[in-house]
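# Topology and contacts: notes
Listed here are the chains, written in short residue letters.
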Amino acid sequence: MGAAGLGGAVLLGGCGSSNSGGSPAASSVKRPSIAKEPGNLSILEWDGYQAFGTPTNKKAGGLSAGEDYTKKFGADGITYSLIVNDSEALNKVRSGQQFDVIHPCIENLQDYVQDGLVQPWDTKLLPSFANLNPALVKGGQVNGQQYFIPWDWGYGSVIYRTDKVDPADATGWELFWNPKYKGRISMWNGNTTNFEIAALKLGYGGHAMDHLSDDQLTNAKNALIEQYPLNKFLWSSEYTDLQPALQNGDVWIAYSWQDQWVYAKSKGIPMAYMKPSQGRLGWYCGFMLGKDTKNYYHAHDYVESYINHKSCLSLTNYFYYGSADATIKPSEIQNKAVAKSLDIGNPNVLSSADVHLQSWEPNEAAVQQAWEEVTASA
Amino acid sequence: MTGRAIEEGPRRRPRLRAGRGFLIVPPVVIVLAVMVAPIVLIALYSVDVKTNLPFTPTKFTWSMWKDFLPPSEGKFPNPFWHRFEVSMVITVVVSLVAVAAAYPLAYFLAFGARRSRYTLLLLMLAPFFTSYLLRVIAWKIMLSNNGVINTAIWDLHLRSHGDGVPWLIYSKFSVGLVLFYSWVPFVAVPIFVLLDRLDTHLLEAAQDLGAGRLTTFFRVTLPLSLPGVIAGFVFVLIPTTGEFITPLLVGGPGSQMFGNSIQSFFQDTPNWNYGAVLALWLVAVVFVMLLVFGRFLATDLREANS
């Protein structure tokens, strides 16, 4: 799975009904009707993506995704378990905790399927599925079955204070290693992501980024051991860790997704979102269906309320993330300047030469172990 | 007894009386189920007899223990052993400083505020009935770049505006400070209890025999309050050994503790087996601490009560 998975025909405008991936196996199983389901959804989710109408998302003007579901079934029946990175998500599901819907990113799709943790969706139950970008949809298939419904995509890059950082220093990922800014840097506590950053800094781009040899892994680990003491702290949650640190000036340089750049702009903090010389990281995330869910039809309705056009547009206008909805027109995006600079109407960009899509790593366990050794080194 | 035939009444069934051993069964079951069984489970993970990974074969091995404990196979020093050492230094220093700060507090409550000592004790403990997490976050707000302390420093023109003290937060200082703050009142309680029930006639007798106040303190008061001091020290030493929340919230590189490695292994990696090694090592260390200090406390309490 890599950028190649997105290459080829990518439909941008118009509705394509070329998305297939409905799973005959899924629809032939006898299930209780929706009225007989318990209806209490347990969702494994990133903070900030809670459905509109749930306790943390009630303000008008916020993310409206999920509104159709909560209007129809109420918000009380939804319980969220929050995650701060994909490793945590996979561990929680592997530990046996039962979730109806899981929202990981694409790089662990194989792990969820191989470990028997998820089941395919019945795309016939998702009317908006036909609007989704075919390349992203195809990336969510395993053995022809649709295990992953893509929803959100974006970048990982460096966000930095334009009034504190010399522009000559802000050219690439090596900014994280610049000792001039010691104590003003905050990388994400995202283990494998930091190895991808180190790999790009060391010149292991493209396929090599997520397929590090033993020597490359050692080099990347040593580079991160060198970088680690320069951090003020490692952030886990952008809301409770990173945002306060950006606002109060503890941190000038951080790893972030593009929503934090939009946040900083809204607070009047002069920050830029770098296009590193080595290229940005790219990601896309989506929904998976728990293997033992007792809310099969509720789960489909929930996901449909996220992938419909209104919700996808809300995702883009609120977070400035791209969405998998191929029918969104540039004229519908509110901040056209930001949208243009991030190119968020164009998921093609995830397969371009200057974006490195975060993908499955065959030696992920070794990378995660190495990250633990990095953080224990100081 | 008089030879008269004893009239026999209807036979009564003997009353079944539960022995003391019978009453002990429920707590033993709870201890076994809730404390011993999880430790056994973790031990099985640590030697790869159990795994969290589906469809993954297991085979008994000591290799992870050999990798962690010095001399570590392949690489020395093992970074997690190094973190354990750093963690123990932070723990011991915080514990000693907490005890040193708590003693005068307890002394004042016991001897200075005689009538209102219990009210003051309650007032001292009251903030600690709130959520620990909220109190740590309050410290974050106070110590951060735009926080109360830095703002005061800028207002006093001790540093230029915007230039905060760099080691105030996300450092060993902030971790130590928050841990110290969290534990001082609880360390003061056992010391206060012993000082409060100290027979003041002993102090009067010492002074009658010519001892000055300092001599009385070091020769009478302190030795008699030593069980409380040790109890207070243990109160803070043991939980701080496994601490991870405070370093996670106010710590940075170089101030993460051993508990953070354990938490991280189980949360962020599939390698629960190695995490189990670290966790079981921590259990063993705490167990040894309890044995050592428990024996010391028992001796001291016997002497204090005699």
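Predicted model only: the values in this text are computed from it and were never measured. (Residues numbered from 1 in each chain as written. Chains lettered and ligands numbered in written order. Predicted model: local features only at pLDDT ≥ 70, side-chain atom pairs only at ≥ 80, totals over all residues.)

### Considerations on the overall build of chain B
In terms of regular secondary structure, chain B is built from 13 helices and zero strands. Listed by position from the N terminus, the elements making up chain B come as α-α-α-α-α-α-α-α-α-α-α-α-α. Buried positions account for 32% of the 306 residues belonging to chain B. Put simply, of all contacts in chain B between residues at least 6 apart along the chain, 66% involve residues at least 24 apart. (Helix = DSSP H or I, 4+ residues; strand = E, 2+ residues; numbered from the N terminus. Buried ≥ 20, exposed ≤ 12 C-beta atoms within 10 Å, placed from the backbone. Contact = placed C-beta atoms within 7 Å.)

### Considerations on the nonpolar core
Judged by nonpolar contacts, the single largest core of 100 residues is most densely connected at A:Y160, A:I253, B:A102, B:A106, B:V187 and B:I191. With 13 residues, helix α4 (residues 79–112) of chain B is the largest single contributor of residues to this core. Sequence-distant contacts of B:I191, defined by excluding residues within four places in its chain, comprise B:A102, B:Y103, B:A106, B:S225, B:G228, B:V229 and B:G232. Of all hydrophobic cores here, the second largest spans 68 residues; its members include A:Y80, A:F99, A:A135 and A:C285. (Core = buried A, V, L, I, M, F, W, Y, C linked by C-beta atoms within 7 Å.)

### Digging into the environment of B:L109
All names here are of chain B. Tracing the backbone shows L109 in helix α4. C-alpha of L109 to C-alpha of V184: the two residues are 75 residues apart in sequence and 14 Å apart in space. Other than its neighbours up to four places away in sequence, L109 contacts R117, L120, L121 and F192.

### Quick look at the domain arrangement of chain A
All names here are of chain A. Segmenting chain A into domains produces domain 1 (3–153 + 282–352) and domain 2 (155–281 + 356–375). Each of domain 1 and domain 2 has a C-alpha centre, and the two are 26 Å apart. Contacts between the two partners involve 19 residues from domain 1 and, on the opposite side, 19 residues from domain 2. (Domains from an automatic or database assignment.)

### Focus: the interface of chain B and chain A
Contact residues are listed per partner, giving 25 residues for chain B and 28 residues for chain A. For the side of chain B that touches chain A, the secondary-structure elements that each account for two or more residues are α4 and α12 (258–268) of chain B. It is α12(B) that provides the largest number of residues to the side of chain B that touches chain A, a total of five residues. Of the residues assigned to the side of chain B that touches chain A, the class counts are nine nonpolar, 14 polar and two charged. (Nonpolar A, V, L, I, M, F, W, Y, C, P; charged D, E, K, R; others polar.)

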